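Inside the fold
Listed here are the chains, written in short residue letters.
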Amino acid sequence: MANLQLPFHVNLQDRVALITGGGGVLCSVMARALAACGARVAVADLKQEAAETVASLIRQEGGTALAVACDVLQPDSLAAANETVKRQLGPIDILINGAGGNHPKGTTTFEHLRPEDLQAAQKEVVTFYDLDPRGVEFVFNLNFLGTLLPTQAFTREMAAKGRGVIINISSMNAFRPLTKIPAYSAAKAAVSNFTQWLAVHFSKVGIRVNAIAPGFFVTEQNRSLLLQPDGTWTPRARTILAHTPMGRFGEPCDLIGTLLWLVSDEAAGFVTGVVVPVDGGFAAFSGV
Ligand code: NAD
């Protein structure tokens, strides 16, 4: 992994952070940034090995980290993770709800319904009518319940203490849905909506709740949508670039400044209930 450059430093000494999806592309960089600012970091992921790789990298970089295998959709697994983290690092002060993603079964083949696709059942074409409810359910559960359940499991101590920070990970598609991915778009809209609800709900117990909405980053979950086998951009990737005023895809380190600002009580102590786009201007551009 590339060397980590912090844009600035915030003081997270004596804080414990848990990041779900911490073994993934974007959240591993966020985990390293929190550790570089002094937090003791629990890297939580369904994939134990991925979590362990990130935790050992953080330790090599001089930080304190613990890999925790857990499933954001299983309350028992989350409760066990909370106990492990409490025992080994202390009670959690910062929760990053990063686990999320799309599924091919919640995705249509084409951007628009074409009259010819209605006529004959074509196995290779998934229209709106062919979307598999189980695929849609998977995506809703992973992104929405996968944010709500860890919040239940990991924030009781914060509420009792009267101080804590939650950052959810939303997406561009929460502002305006992206073509082909109705389930993922609606699920991330639910994450943004829940961020606002929770910010209000937790406002009297000292927990700030915000979200980051990354624009377009090339990662494992979208690689096949963006890159052709020969390494050139797909038509979809070219459309994204044409609608991103800054003319490039994001790099994971582009998220660090917003993350550190939002987790810092000194910098963002009066900020709660916002969803911050980090998108090179995509959300602002009408396309004309
Ligand atoms: P990624 O696939 O690299 O990472 C996701 C991680 O979540 C993986 O390590 C995976 O093992 C873990 N995970 C999956 N299901 C889990 C479960 N049930 N319990 C625990 N962990 C689980 O993806 P990424 O691109 O780094 O995405 C991180 C977050 O950012 C996601 O919420 C994603 O929706 C969001 N996001 C990504 C982009 C992008 O362009 N990549 C854009 C906007 C938002």
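Refer to the structure printed above.
In short, a report on the structure. (Residues numbered from 1 in each chain as written. Predicted model: local features only at pLDDT ≥ 70, side-chain atom pairs only at ≥ 80, totals over all residues. Heavy atoms only, no water.)

All right, on to the overall build of the protein then. In terms of helices and strands, the protein carries eleven helices and seven strands. Computed over its C-alpha atoms, the radius of gyration of the protein comes to 19 Å, within 12% of the 19 Å expected for a compact globule of 288 residues. C-alpha atoms of the protein, sized along the principal axes, occupy 60 × 40 × 35 Å. Expressed as a percentage of its 288 residues, the buried residues of the protein come to 49%. Considering only contacts in the protein between residues 6 or more positions apart, those separated by 24 or more positions represent 73%. Of the roughly 14,000 Å² of accessible surface on the protein, 57% is carried by carbon and sulfur atoms. Positive and negative side-chain charges in the protein, numbering 23 and 24 respectively, have mean positions lying 3 Å apart. (Helix = DSSP H or I, 4+ residues; strand = E, 2+ residues; numbered from the N terminus. Rg over C-alpha atoms; globule rule 2.2 N^0.38 Å. Buried < 20%, exposed > 50% of the residue type's maximum accessible area, 1.4 Å probe, protein only. Contact = heavy atoms within 4.5 Å. Areas by Shrake-Rupley, 256 points an atom, 1.4 Å probe, with all protein chains shown as cover. Lys, Arg positive; Asp, Glu negative; His and termini not counted. Charge placed at Lys NZ, Arg CZ, Asp CG, Glu CD.)

With that settled, consider the pattern of salt bridges. A side chain of one charge can pair with a side chain of the opposite charge when the charged atoms of the two come close. On inspection of all chains with the given rule, the structure shows twelve salt bridges. Ionic pairing is found between Asp-265 and Arg-15, a salt bridge with its closest N-O pair at 3.6 Å. Of this pair, Asp-265 sits in helix 11 (residues 265–268) while Arg-15 is found in the segment before strand 1 (16–20), placing the two residues 250 residues apart along the sequence. Lys-161 serves as the salt-bridge partner of Asp-93, at 2.5 Å between the closest nitrogen and oxygen. Of the two residues, Asp-93 sits in the loop between helix 3 (75–88) and strand 4 (94–97) while Lys-161 sits in helix 6 (residues 156–161), which places them 68 residues apart along the sequence. What makes Lys-161 partly exposed here is its relative accessible area of 43%. Each of the salt bridges in this network shares a partner with another, and the network as a whole consists of Arg-15, Arg-208 and Asp-265. (Salt bridge = Lys/Arg side-chain N within 4 Å of Asp/Glu carboxyl O.)

A few words now on the packing of helix 5 (residues 133–154) against helix 7 (residues 182–201). Between helix 5 and helix 7, the least distance of the axes is 8 Å, while the angle of their chain directions is 20°. By the angle between their directions, the pair helix 5 and helix 7 is classed as roughly parallel. Where helix 5 crosses over helix 7, the two elements pack in a sense that is right-handed. Facing helix 5, whose interface residues are Val-136, Val-139, Phe-140, Asn-143, Phe-144, Thr-147, Leu-148 and Thr-151, helix 7 presents Ala-183, Tyr-184, Ala-186, Ala-187, Lys-188, Ala-190, Val-191, Phe-194 and Leu-198. A per-class count over the contact of helix 5 with helix 7 returns 13 nonpolar, three polar and one charged. (Axes fitted to C-alpha atoms, helices over the stretch in contact; angles between N-to-C directions. Parallel < 35°, antiparallel > 145°, perpendicular 65-115°, else oblique. Left-handed = near helix turned anticlockwise from the far one by under 90°. Nonpolar A, V, L, I, M, F, W, Y, C, P; charged D, E, K, R; others polar.)

Right, let's talk about helix 1 (residues 25–36) for a bit. Look at helix 1: 17 Å from first C-alpha to last across twelve residues, which is about the 16 Å you get at 1.5 Å a residue. Helix 1 sits mainly inside the fold: ten of its twelve residues count as buried. For helix 1, the set of buried residues is Leu-26, Cys-27, Ser-28, Val-29, Met-30, Ala-31, Arg-32, Ala-33, Leu-34 and Ala-35. Where helix 1 terminates, the next one or two residues include Gly-38, which has phi positive at roughly 105°. (Expected span 1.5 Å × (residues − 1).)

With that settled, the discussion passes to the site of the ligand. In the vicinity of the ligand, 27 residues are found, and the nearest of them are Val-25, Leu-26, Asp-45, Gly-98 and Tyr-184. Contact between the ligand and Tyr-184: an oxygen atom at 2.5 Å from a side-chain N or O atom of the residue. For the ligand, whose accessible area on its own is 820 Å², the fraction buried by protein is 91%. (Near = heavy atom within 4 Å. Polar contact = N/O pair within 3.5 Å; in protein donor to acceptor, adjacent residues only side chain to side chain.)

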